[in-house]
Amino acid sequence: MKRVVPLLCLACVAGIAATGYSMLGTGAADAIAVPAAAPAPAVATSTAAAALRAARRQCSLPPLDAVIDDLRARTAAAADDAEGWHLLAEALLERVQQRAHLRGMAVGTPVFAELPAELARDLDDGLAAVAKARALGDDGGDLYRLEAGLMGQHITGLGSALRWNARIETALAAAGERLQDDPQLHTLLGLRKLLAPRLLGHDPQRALEHFEFAARVLADDERPAVFAAMASYLQQKRMQAVAWLEQAVARNPKNTFARVVLQRVRRDEPEPFGRDVTAEEIAAVK
């Protein structure tokens, strides 16, 4: 996992994840309510989408590299392939989130003070892929969710937050208008509330509601459970955090961050989510 979405996470958060500094102010996205009932779990709509999901679950860069190479070849051969561009944007966001997989998550703290060059390239290419897909007629909520996730990953401090926040809000609002019950969107919304600076929207209780919904729907994605664990821990609910982390590890034992943080929380170590994972800790959980 990581200090940002991710997902984008989340953010891969991740991200797939957007850092808390992207949460300055409030907007239409904050009004997107957690659905009362969970929709049926989504299934991969194509072989390429299924391959991307499988690669993400490996929690390793090489499988994602291979998927991205295939999607680059696909879009190069058929520049009018809207789905190919959409999937390329998603795959690039997943790779950005994977690059930060072993970084700690801390409230109000960006994962990078300066973006590594390879990560910045993926973000630029991802936003370009979003633009290509939209120009080809893709106006769906998921594309706006990906756009918000990619933009959120640009946040490295207050200045960049001020530059990107309005665009992130616009993309999230557009995603919510089209796809209010999307669990990946709610993961991103939860991260906004979880990682926001304490005086600028941090709300672990409301964040947990988003993560609980996402975890119910995304049965093959352990990340909402990891974020739910952090939201629980920040509310002084250590055993609830343990339970969420156990669920995450059961869903995907390859998530090294989840396995290491589970051991930290069980031992009641300080800042279990906020510290980067070390080589020694990785060896200990293998």
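Residues numbered from 1 in each chain as written. Predicted model: local features only at pLDDT ≥ 70, side-chain atom pairs only at ≥ 80, totals over all residues. Heavy atoms only, no water.

Novice: Could you give me a rundown of the confidence of the model for the protein, with the residues and numbers involved?
Specialist: Taken as a whole, the protein shows an average pLDDT of 89; of its residues, 89% reach a score of 70 or greater. Note that residues 2-25 has pLDDT below 50 and, in this model, 159 contacts with residues that lie over four places away or in other chains. (pLDDT = per-residue confidence, 0-100. Contact = heavy atoms within 4.5 Å.)

Novice: Describe in detail the nonpolar core, supporting the description with residues and values.
Specialist: One finds Leu88, Ile168 and Leu172 to be the most contacted residues of the largest nonpolar core, which totals 43 residues. At the level of secondary structure, the elements contributing two or more residues to this core comprise α1 (47-56), α2 (61-77), α3 (82-99), α4 (117-135), α5 (141-152), α6 (158-178) and α7 (183-195). With eight residues, α3 is the single largest residue contributor to this core. Counting 31 residues, the second largest nonpolar core, distinct from the first, contains Met105, Leu195, Ala229 and Val265. (Core = buried A, V, L, I, M, F, W, Y, C linked by side-chain atoms within 4.5 Å. Buried < 20%, exposed > 50% of the residue type's maximum accessible area, 1.4 Å probe, protein only. Helix = DSSP H or I, 4+ residues; strand = E, 2+ residues; numbered from the N terminus.)

Novice: I'd like a description of α6, backed by residues and values.
Specialist: Between the first and last C-alpha of α6 there are 30 Å, a value that for 21 residues agrees with the 30 Å anticipated at 1.5 Å per step. The set of residues buried in α6 consists of Ser160, Ala161, Trp164, Asn165, Ile168, Glu169, Ala171, Leu172, Ala173, Ala174, Ala175 and Gly176. Buried positions along α6 lie against α4, α5 and α7. (Expected span 1.5 Å × (residues − 1).)

Novice: Can you break down the pattern of salt bridges residue by residue, with the values?
Specialist: Evaluated as defined, the whole model comprises 21 salt bridges. Between Glu281 and Arg264 there is a salt bridge, with its nearest N and O atoms 2.7 Å apart. Taken as a pair, Glu281 in helix α12 (residues 279-285) and Arg264 in helix α11 (residues 256-266) lie far apart in primary sequence, 17 residues in all. For Glu281, a relative accessible area of 15% gives the class buried. A network of salt bridges, in which partner residues are shared, links Arg56, Glu94, Asp221, Glu222 and Arg223. (Salt bridge = Lys/Arg side-chain N within 4 Å of Asp/Glu carboxyl O.)

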